[in-house]
Structures are given as C-alpha cells and as structure tokens.
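Architecture at a glance
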Amino acid sequence: MTNADKPTIAVLGAGKIGEALLSGLLAGGRRPDELMFTERHGERASELTNRYGIRAVDVATAAKDARVLVVAVKPQDIEPLLDELAPAVGGDSLVVSLCAGLPTSLYERRLPDGVPVVRVMPNTPMVVGEAMSAISPGRFATADHLAVVEELLGVVGLVVRVPESQQDAVTALSGSGPAYFFFLVEAMIDAGILLGLPRAVSEKLIIQSAVGAATMLARTGEHPVTLREAVTSPAGTTIMAIRELENHGVRAALLAAIEAAHDRSQELGRQHED
Ligand SMILES: NC(=O)c1ccc[n+]([C@@H]2O[C@H](COP(=O)([O-])OP(=O)(O)OC[C@H]3O[C@@H](n4cnc5c(N)ncnc54)[C@H](OP(=O)(O)O)[C@@H]3O)[C@@H](O)[C@H]2O)c1
C-alpha cells in the first residue's frame, strides 16, 4: 500500500489504548493530518492535540472524513457511541472495534446494513509498539478490510487473524497475558528481596532476565522447552527450582487461571448477544 492509498483514521475514544494507537501510527510515519480522534472532555482533547498535532472532531465529522473508524471506548460506554455513530456512518467506512468482549454482531445490529466491522483484541504493550493483536472479520468485512487492519495494527506490534469464536481464548491469553508476566516478575523480585538483595538490584536482575528471555523466544524461533533445557544442567541449580515449580503445581495453576479468564470473557460477551 503506498502512502497515498492509506486511509484516514479516526480513533473514537482516545484513552490509554486510543492514544497508544495514535502515537504508534505517528511513530510509524503517519502524518497528523491523516489522523483524528473524538473525546468527551475538552481538556483531554486539547492535551492530545497539543501533544501530537492531531485534530479533535465530533463523531459525525469522524464518520464523514475518515475511512477507518477505530472504536476504543470502554465496553460499558459503547451504547451512546453507537447512537451517535449509526446515523453518521456509511458502507464505505470500516469500523474497527478494540473493545474487549463486544461481538461484531452488536455493531451490525446497530449500524446501517453492510457496514464492515473488524473486531480486534489488542493488549497494553501497544504503548511501546509491542502489541499482540488478534483480528476477526464480521459478516460484511472482506479480505481487503482485514488487510487494512493488519497494516494499521502492524505499526504497533504483531497481528494474527482468528475466527471470532476464538476471541475469548485470545482475551485470556494475550489480552490478559501481560498481567500474568507482571505478576511473575513481581513474585521473582520478592524472591530476590527474600535472598537479601536490595530491591533495585533485584528489579534490574529480573526485568532484564525477562527482556532477554522474551527476546530469545521471539528472535531464535526455538521452542521454550529447548531454551529451558539449555540452562538446566544435571543436578544444577535450575533443575532444583524447576522441581519446586512442578511440586507447587505452577503449570496446572496457569492452565486453570487462563481457563478462568476465558470463562469470564465468555460470560461478559453474553451480555451483548442478540
Ligand atoms: N487497556 C487494556 O489493557 C486493553 C486491552 C485490550 C483491549 N482494550 C480495550 O480498549 C478499549 C479502551 O480501553 P482503555 O483502557 O484505553 O480505556 P480508557 O483509557 O478509559 O479510554 C476510553 C476513552 O474513551 C472516552 N470515551 C468514552 N465514551 C466516549 C464517547 N462517546 N465519545 C468519545 N470518547 C469517549 C473515555 O473518556 P472518559 O474519560 O470520559 O471516560 C476515555 O478517554 C476498551 O474497550 C478495552 O476493552 C483495552
């Protein structure tokens, strides 16, 4: 896609995720005049315009001037936004929903017939350009629409395509996933404190170990088992720790935890069914 073919993008609800997307798109070479956003509070709107040089608009203007409308409000704020969007949006727009748990059928019911919708489950590392986003087409979204969304979100991380029926699993894995890693890092830092290290040292050791391990996983393409075995020498220190992790059921706890997140995501999604 050449620069001239790139669609104008409006972010509806420029909170944490919306701002992360806007700043990522600018960092990826988009011009401020190709972007716009809507916000409820004038103060927040001025703050973003001053920071990024992007104009704040109302929903009707966004629907008229932008080809891609990225919905980034909290799921509980969706109804009033759809009330505003429905009379303004046309079939040549593409609606991209970043809202956890909201099915494409909700938008299709509320917006004019034929408006294409792509559902996305992103995650917070979008703020550092390292998001994992899973995208699913609604009834009217074509391969071209998916390609537009892939290109858009590819600027702020990686993108995979999944059927919409798998979005609850995605939510449980990569949507909530960063929180699991933060939890593990927090516990490992505490272990350093337990062993008498200063907190700052413990933090540095663990955070850099996490960055290093993640980079090895991403760059080498090696299976995690292979990488772990490479640092697990016979009767060494690592195997002693692994035995304790297995004794305490950490693997089973992760399976149960992620299944619980999946069940909760399904339960929240049922609130928006027909
Ligand atoms: N953060 C995450 O980890 C994450 C991960 C994956 C997906 N998501 C999804 O991303 C979406 C946004 O999450 P967030 O964490 O960025 O929330 P957030 O920081 O609360 O941002 C939402 C923004 O939308 C504004 N807003 C609400 N209704 C509006 C309307 N009718 N018109 C214009 N602006 C409106 C809100 O303004 P007010 O301040 O007035 O409320 C707020 O600034 C959610 O649907 C969430 O499910 C988030």
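Cut-off values and rules
- Numbers given for residues are sequential positions, taken from 1 along each chain in its written order.
- Totals for whole chains, interfaces and linings use all residues, but because this is a predicted model, local features are given only for residues with pLDDT of at least 70 and pairs of side-chain atoms are given and counted only at 80 or more.
- Each domain's extent is set by a domain assignment, obtained either automatically or from a database.
- Following the grouping adopted for this structure description, the nonpolar residues are Ala, Val, Leu, Ile, Met, Phe, Trp, Tyr, Cys and Pro, the charged ones are Asp, Glu, Lys and Arg, and the polar ones are all others, Gly among them.
- UniProt positions are given in the numbering used here, feature names are shortened, and annotations may be inferred rather than shown by experiment.
- Per the convention used, a helix needs a DSSP run of H or I reaching at least four residues, while a strand needs a run of E reaching at least two, with both numbered from the N terminus.
- Using C-beta atoms placed from the backbone, we call a residue buried if 20 or more other C-beta atoms fall within 10 Å of its own, exposed if 12 or fewer do, and partly exposed for counts in between.
- It is the C-beta atoms, placed from the backbone, that decide contacts: two residues are in contact if theirs lie within 7 Å.
- Pairing between strands is defined by DSSP: at least two bridges between them are needed.
- Here the term right-handed applies to a crossover when the path leading from its first strand over the helix to its second strand runs clockwise, the strands being oriented away from the viewer.

Take the domain arrangement of the protein next. Domain assignment breaks the protein into domain 1 (3–167) and domain 2 (177–269). Using only C-alpha atoms to locate each centre, domain 1 and domain 2 end up separated by 33 Å. Here the side of domain 1 that touches domain 2 is composed, by residue class, of two nonpolar, three polar and no charged.

With that settled, the discussion passes to the UniProt feature "binding site: NADP(+)" (unreviewed entry) in the protein. Mapped onto this numbering, the UniProt entry gives "binding site: NADP(+)" (unreviewed entry) at Ala72, Val73, Lys74 and Pro75. Take valine 73: it is sitting in the loop between β4 (68–71) and α4 (78–85). With 24 C-beta atoms counted inside 10 Å, the residue valine 73 sits in the buried group. Once residues within four sequence positions are removed from consideration, valine 73 is found in contact with Leu12, Gly13, Ile78, Leu81 and Cys99. Summarising the element assignment, proline 75 is placed in the loop between β4 and α4.

Here we take up the UniProt feature "domain: Pyrroline-5-carboxylate reductase dimerisation" (unreviewed entry) in the protein. Residues annotated by UniProt as "domain: Pyrroline-5-carboxylate reductase dimerisation" (unreviewed entry) correspond here to residues 164–268. Its end C-alpha atoms 15 Å apart, residues 164–268 is made of 82% helix and 0% strand.

Here strand β2 (residues 35–38) shows no split at all, with Leu35 and Phe37 on one side and Met36 and Thr38 on the other all buried. Where strand β1 (residues 9–12) and β2 come together, four bridges link them in parallel fashion. For leucine 12, the partnering residue across the bridge sits in β2 and is threonine 38. For the crossover that starts at β1, traverses helix α1 (residues 16–27) and ends in the parallel β2, the hand is right-handed. In the sheet, β2 pairs with strand β3 (residues 55–56) via two bridges, with the strands oriented parallel. Bridge pairing in β3 places phenylalanine 37 opposite alanine 56. One crossover worth recording links β2 to the parallel β3 by way of helix α2 (residues 42–52), and it is right-handed.

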